[in-house]
Amino acid sequence: MGSKKEANVKKFLLEIPEEIWTKWKDKVPRSISLNRALIELLEKEGEDED
């Protein structure tokens with residue numbers, strides 16, 4: 001069985017046009033993982049809705 005932390009994580013496969021993905025990932029500093037950068041983007045978008 002997975003840990004409680006894993007139960008609170010949403011996992012899914014994204015289908016993104018390669019050109020859009022490449023432009024975005026090339027802007028992410030190498031010191032930040034693409035996963036972390038995507039989470040930060042989603043958090044920011046979620047805050048804008050409030």
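One can find the structure itself at the top, above this paragraph.
Below is a summary of the structure that appears in this document.

Reading the values: rules and limits
Residues numbered from 1 in each chain as written. Predicted model: local features only at pLDDT ≥ 70, side-chain atom pairs only at ≥ 80, totals over all residues. Heavy atoms only, no water. Helix = DSSP H or I, 4+ residues; strand = E, 2+ residues; numbered from the N terminus. Buried < 20%, exposed > 50% of the residue type's maximum accessible area, 1.4 Å probe, protein only. Areas by Shrake-Rupley, 256 points an atom, 1.4 Å probe, with all protein chains shown as cover. Salt bridge = Lys/Arg side-chain N within 4 Å of Asp/Glu carboxyl O. Phe/Tyr/Trp six-rings, centres within 6.5 Å; stacked < 30°, edge-to-face > 60°. Patch = residues over 30% accessible without salt bridge, like charges linked within 9 Å, V, L, I, M, F, W, Y side chains within 5 Å.

This part covers the overall build of the protein chain. Across its full length, the protein chain holds three helices and zero strands. Element order for the protein chain, N to C, with α for helix and β for strand: α-α-α. In the protein chain, which comprises 50 residues, the proportion classed as buried is 4%. Of the roughly 5,200 Å² that the protein chain leaves accessible, carbon and sulfur atoms contribute 54%.

Quick look at the pattern of salt bridges now. Going through the model one piece at a time under the given rule, you end up with four salt bridges. Put simply, Asp-26 and Lys-25 hold a salt bridge, and the shortest N to O gap is 3.3 Å. Of the charged contacts, one joins Glu-43 and Arg-36 as a salt bridge, the two residues approaching to 3.5 Å between their closest N and O atoms. Each of Arg-36, Glu-40 and Glu-43 takes part in one network of salt bridges that share partners.

Tallied over the entire structure, the rule returns one aromatic pair. Ring centres 5.2 Å apart and planes at 45° place the aromatic pair Trp-21 and Trp-24 in the tilted group. With a gap of three residues between them, Trp-21 and Trp-24 both fall in helix H2 (residues 18-25), about one helical turn apart. Taking the relative accessible area as the measure of exposure, Trp-21 reaches 29% and is therefore partly exposed. Trp-24 gets classed as partly exposed once you look at its relative accessible area, which sits at 22%.

Okay, a nonpolar patch on the surface next. A contiguous nonpolar patch, built from Phe-12, Leu-14, Ile-16 and Ile-20 and spanning about 390 Å² of accessible area, is present on the exposed surface. You can see Ile-20 is positioned in helix H2. Look at Ile-20 and you get exposed, because its relative accessible area is 53%.

The values are spatial; any link to function lies outside them.
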